[in-house]
Amino acid sequence: MTVFRLLVWRHVIGEVPRTALTVGGVALGVAVYVAVATANVEILRSFEQAILGVAGRTTLQVSNGTGVAGGFDETIIEAILAGGGPADAPPVPTSHANGVLLAVPVVEITATIVTEGGSVILPILGVDLLAEADVRDYRVTDGSANDPDWERYLEPDAIFLGRRLAGRHGFAVGSTLEVSAGGLSRRLVVRGLLEGRGAGASTLEELAVMDIAAAQLTFERLGRLDRIDLVTDSARSVDEVSRALQAFLPPGLTVTRPDQRNAQIERMTRAFWLNVSLLSVVALLVGLFLVYNTVSFAVLRRRREVGILRALGLSPCGIARLFLAEVALIGVVGAAAGIGFGLALSNGVLQTLARTVSNLYGEVPALPQVTWAHPAVLAQGLLIGVGVAVLGSLGPIREAVSVEPTQALAPKGYETAGALRVVPALAGAALMFLLAALAALPGPVQGVPLFGYLSAFLVVLGFAWLSPLVIRAAGPCLRLLLPLRAACLARLAADELGRAPVRNAVAVSALMVGLALMIGVSTMIHSFRQTVDLWLEQTVKADLIVAPPAWPGSGPAGALPESLRGRLETIPGVTAVDSYRDVRMAFRDTPVVVVARDLMVHAKHSRYLFVDGDSRTVLAETVRADGIIISETFARQFRLGQGDRMTLPGPRGPVEFLIAGVFYDYSTDGGKVVLDRSLYARHWGDRSATVFPVYLAPGADPEAVRRMVPERLQGGPPVMILTNGDLRREVLRIFDQTFAITYALEVIAVVVALLGIANALLCGILERRRELAVLRAIGGTPAQVGRLILWESGLLGLAGTVLGLGAGLALSVLLIAVINKQSFGWTIVLYPAPWVWLEAAGLALLTTLLAGYWPARRAMRLPVAEGLQYE
Amino acid sequence: MVRLEGVSRVYQRGASTIRAVQGISLEVARGEFLAIMGPSGSGKSTLLNLIGGLDRPTDGDILIEGRSTRGLTEAEWTTLRRERIGVVFQFFNLLPGLTARENVALPLLLRGDADPGARVEDCLAAVGLAHRGEHRPSELSGGEQQRVALARALAHRPALLLADEPTGNLDSTVGREIVQLIKALARQGGQTVVLATHSRDAAAAADRVLIMRDGAVQKEGLPS
């Protein structure tokens, strides 16, 4: 017989439903955290694997820093192998003098194939098949026991697919693939499957590989490379070799370590992850309220027990240890359940977040699967579960140990602690709001809106401070509005809640946080969507868009030849055709989108919304001055503005431009630079187009023109034709998909809050058994007792809803004007969304009534005689 | 008015069996004031709970106004209490959020009376608290709270008043006053009273006294 079993375990198992609710609250909070953190780790790991797995033994990579399709001259590889100096420089006598043991040329083709599920992007790696064994760890198999048929493997139409990739799309050895890339259509035959080995096996089995000579020939890339993978001498420092190589490489070519790309991605997605992680923390915050609630009740209920234990000689520390042991147990069980549930959820969360990351950052990693639980995430989940439980219990435990034994032993009502003092409560709330306003003023800290988050937290805290006042006001309000005989149970319920405003404030605050999050984020998303919609309406004026299949996910290599523009212009009803090219370049070590288009055509038929200045004037000035325009997000991110100068990496070295304007843009988070097509062609030599925006003459029928496009482009590469409406719908679809995860997190926060309401009611019922029994004894029916509890639930819901609406509106302003702006740089106009608010309020009220259902049933079934017992 | 026929109440607490009431048979006439005395744990409160339908006998039958209560549903018991039974408790058990007037009105409101105002005022006046109607329980003395509880118990003109240790939480002077008030009002209203008490003083006001020990009737007689 241990003290633990006598004084702790007995309480934990003595009231299973209440313990289960608290454990459930902690578990749900931990589950959300674990699911999001696991998804985060897995996605970054999948990026890392995609980069490092494919890199194999590669320690350095030479690539075209300009990001322009078309690559660079392959002869540079001889210079690298010669040991330094460009091809025309005198060779260095010692072999491998620069530390390069192996230089493997690579061509990267972003192709599309048509499968049963529609167009799919297929990145193809053109490599030296005979040298691959020295770099990447995979084996080519054609499914037979025969030796590899190298003659057939090296044919121009031979392609090799990773086993997983082939399996997913139903391809086998001998299958033919209709492949489109760079405006070319080719038929390729699967000659073998790749079986990966070692740590990067799964990544390698997602690859599509051709022999480099075949790829260059098939896709008209003769003499051009996209990358050279280098294996360096392990005896020499990689950085030292990198510096030596960079010194002699021509401008435009850069040497990087494969993991640098990974770091770039981590940097790029940091703000996004922080936002998602913070949303997951809200669920924990609500779990914290729940624990506070439960322990508060435990302390009140065991007041006499505490008094007796103190009288028997247990010290205040001993009392604290007993309660702490109980909450730690709840924390451990909650965390363990939460970790299990979180891991079960993580695959779903992972798929959603992977799509969101792809949408936001244009990266398309192979869709990852959760394969293992990251030990750090598991440890964090456990720590957070126990931490939340202990933190939530500290206040009530402090109260338990501060009560004198004589006081604790005196017979009193169950609610004696936590009396409400109106003026300090109001002053506290006002102080929180003032501090929140002040915290909203400073800028971000290293791109993270830390003060913005602090401000949001203070706003929520301010409203939480107001919640006891709102609860206590419910009684007098109902007293004024309704005579006792008209709403006897409602009045009773309000009076009951008003007797314990502080205790009930915790449950109300939990609901308020969940609802505020729901309303704040929904209003932000609604405003963002309206802003984007308006922006699309004002800036996307093209009637038709002619694009490669699978656009916009096809990347820079998914380009169309310039010649199509002329053919499109000859279609009757077409008044102008723009050619729009977007590529990624590194600016200050961050990938940014660079767009080249015919700015004069754009000025005449469409427009950019400039922060300062009229579209036509600014665009004309941009063309005249050979300048560029930058997006608002780019300007904010790199602290650049109109009139500043900036450089982009050109094939012949950095090119400097004047920034002629800053425009609003919501198409990418990373920032966008736009320049005239002729200027781009002059510096980068790339004349292809990603898409062709087509403008029609007034009165021309878009459908008729749309039907004529395939006919006019006959013999050319496959294209898809989108109408203006299609494009806008697609943009908004991606937008909605991007924010899907936030809705899921909001729902979880509200569910945890509802657990809080149910918990509060349940605890209240247990403590008020006698009062409810008296009600029955003087003639109340079980149904009336049930309705009383439902009224209490509804009133708690109403208080939470009123506060949640206020806090939600304040949060939406903070999210739009501070947090979002500092995280991503977008200017969003606040659009009120009354129906969203009504919907959220209605949902909260309805679900709080549901939360009251179980406690109400329990109250109805309480044995009356037992409830009337005095001891 | 009330007849008990071999009524028993047995509780199962884990492995042990508690016989709170064992085969009690008795009859209380209309308008009679019966006091039940006995030490703690003798079964007084359990017997009152059984008579009031707040608990169910494991054996035997309770007849109220000649009608057997065996097999009554929860709803039927509630109706019976609403119409025919009033209850007073040791710790008053007033709802702390309501005023004295509202507490007295509560049983009437719970049974759906649209305008209980006049009856409530009468009851408050009968217990001498007409001037304290707007006070909450916390603003009243123990004796006043028990008077409000008595007014509440009588508000719906019950035929049977059950009083469980109504003086147990009051000093002897106030306790005597309360018992006299119960007696007077019951006489006036023609109510039958069953009072459970430790106090000889309180029992002295009764017409008959029943002494219980270990769940059974040990002795029955006139008050001393």
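This text goes with the structure placed above it.
S.K.: Please give an account of the overall build of chain B that cites residues and values.
M.R.: If you tally the helices and strands in chain B, you get seven helices and 10 strands. For chain B, with 224 residues in total, the buried portion stands at 55%. Accessible surface, chain B as shown: approximately 9100 Å² in total, 47% of it carbon and sulfur.

S.K.: Summarise the sheet that holds strand β22 (residues 720-723) of chain A; cite the residues concerned and give the values.
M.R.: All names here are of chain A. In spatial order, the strands read β14-β21-β13-β22; together these four strands make up an open sheet with antiparallel pairing. Pairing within the sheet leaves two strands with one partner each, and these edge strands are β14 (574-577) and β22. Ignoring strand direction, the axes of neighbouring strands in this sheet form an average angle of 25°. Pairing between strand β13 (residues 544-547) and β22: four bridges, direction antiparallel. Each residue of the ladder has a partner; that of Val546, found in β22, is Ile721. Contacting β13 and β22, helix α25 (residues 724-738) runs over the sheet at an angle of about 85° to β22.

S.K.: Give a detailed account of the pairing of strand β7 (residues 160-164) of chain B, specifying residues and quantitative values.
M.R.: Residues and elements named next belong to chain B. Counting buried positions over the five residues of β7 gives five, a clear majority of the element. As paired elements, strand β6 (residues 85-88) and β7 share four bridges and run parallel to each other. Looking across to β7, one finds that Val87 is bridged to Leu162. Inspection of the sheet shows β7 paired to strand β8 (residues 192-197) by five bridges, in the parallel sense. Each bridged residue has a counterpart across the sheet, and for Leu160 the counterpart in β8 is Thr192.

S.K.: Lay out the packing of aromatic side chains in plain terms, naming residues and giving numbers.
M.R.: Residues and elements named next belong to chain A. Per the counting criterion, the structure on display carries 11 aromatic pairs over all chains. A centroid spacing of 4.9 Å and a plane angle of 90° characterise the contact between Phe587 and Phe638, whose relative ring orientation is edge-to-face. With Phe587 in strand β15 (residues 581-587) and Phe638 in helix α22 (residues 632-638), this pair connects stretches of sequence that are 51 residues apart. Feature note: the residues Phe528, Trp535 and Tyr666 constitute an aromatic cluster, connected by ring pairs.

S.K.: With reference to specific residues and values, describe a nonpolar patch on the surface.
M.R.: Residues Leu431(A), Leu434(A), Leu435(A), Leu438(A) and Leu441(A) make up a contiguous nonpolar surface patch of about 500 Å² in total accessible area. Mapped onto the secondary structure, Leu438(A) falls in helix α15 (residues 422-439).

S.K.: So what about the sheet that holds β8(B)? Which residues, and what values?
M.R.: The pairing of strands in a sheet comes from backbone hydrogen bonds and takes either a parallel or an antiparallel form. Residues and elements named next belong to chain B. What the six strands build is an open sheet, ordered β6-β7-β8-β3-β9-β10; its pairing is mixed. Edge strands, defined here as strands with exactly one partner in the open sheet, are β6 and β10 (216-221). On average, each strand axis in the sheet is tilted by 20° relative to the strand beside it, whichever way the strands run. Here helix α2 (residues 74-84) sits on the sheet in contact with β6 and β7, set at roughly 80° to β6. Lying on the sheet, helix α5 (residues 142-154) is in contact with β6 and β7; it crosses β6 at an angle near 170°.

S.K.: Could you give an account of the side chain of Thr141(A), with specific residues and numbers?
M.R.: As for its placement among the helices and strands, Thr141(A) is situated in strand β5 (residues 138-141). Those residues in contact with Thr141(A) that sit more than four places away from it in its chain are Val173(A), Gly192(A), Leu193(A) and Glu195(A).

S.K.: Describe unusual backbone geometry, and please don't skip the residues or the numbers.
M.R.: Although it is not a glycine, Asp626(A) sits at a positive phi angle of roughly 50°. Residue placement: Asp626(A) occurs in the loop between α21 (615-624) and β17 (628-631). Look at Phe92(B): it is not a glycine, yet its phi comes out positive at around 65°.

S.K.: Pulling in residues and values, what's your account of α5(B)?
M.R.: Spacing of three or four residues puts side chains on the same side of an α-helix, whose turn is 3.6 residues. For α5(B), built from 13 residues, the straight-helix expectation of 18 Å at 1.5 Å per residue is met to within 8% by its first-to-last C-alpha distance of 18 Å. Most of α5(B) sits out of view: 11 of its 13 residues are buried. Turning to α5(B), its buried residues are Gly143(B), Glu144(B), Gln145(B), Gln146(B), Val148(B), Ala149(B), Leu150(B), Ala151(B), Arg152(B), Ala153(B) and Leu154(B). Against α27 (769-777) of chain A together with β6, α3 (100-110), α4 (117-126), β7 and α6 (172-189) of chain B lie the buried residues of α5(B).

S.K.: Account for helix α16 (residues 450-481) of chain A, with residues named and values stated.
M.R.: The end-to-end C-alpha separation of α16(A) is 44 Å, in line with the 46 Å expected for 32 residues at 1.5 Å each. Along α16(A), the sharpest change in direction is near 30° and occurs at Leu466(A); proline Pro468(A) comes one to four residues later.

S.K.: Please provide a residue-by-residue account of the pattern of salt bridges, values included.
M.R.: Residues and elements named next belong to chain A. As enumerated under the stated definition, the model contains 43 salt bridges over all chains in all. The residue Arg597 makes a salt bridge to Asp578 at a minimum N-O spacing of 2.9 Å. Taken together, the positions of Arg597 in strand β16 (residues 590-597) and Asp578 in the loop between β14 and β15 put the pair 19 residues apart, joining distant regions of the chain. Overall, the relative accessible area of 7% leaves Arg597 in the buried class. On the basis of relative accessible area, Asp578 is assigned to the buried category, the value being 0%. Residues joined in a network through salt bridges with shared partners are Glu703, Arg706, Asp726 and Arg729.

Rules of the game
Residues numbered from 1 in each chain as written. Chains lettered and ligands numbered in written order. Predicted model: local features only at pLDDT ≥ 70, side-chain atom pairs only at ≥ 80, totals over all residues. Heavy atoms only, no water. Helix = DSSP H or I, 4+ residues; strand = E, 2+ residues; numbered from the N terminus. Buried < 20%, exposed > 50% of the residue type's maximum accessible area, 1.4 Å probe, protein only. Areas by Shrake-Rupley, 256 points an atom, 1.4 Å probe, with all protein chains shown as cover. Pairing = 2+ DSSP bridges. Axes fitted to C-alpha atoms, helices over the stretch in contact; angles between N-to-C directions. Contact = heavy atoms within 4.5 Å. Phe/Tyr/Trp six-rings, centres within 6.5 Å; stacked < 30°, edge-to-face > 60°. Patch = residues over 30% accessible without salt bridge, like charges linked within 9 Å, V, L, I, M, F, W, Y side chains within 5 Å. Salt bridge = Lys/Arg side-chain N within 4 Å of Asp/Glu carboxyl O. Expected span 1.5 Å × (residues − 1). Bend = angle between axes of the 7 residues up to and from the residue.

Shape descriptors only; they carry no functional weight alone.
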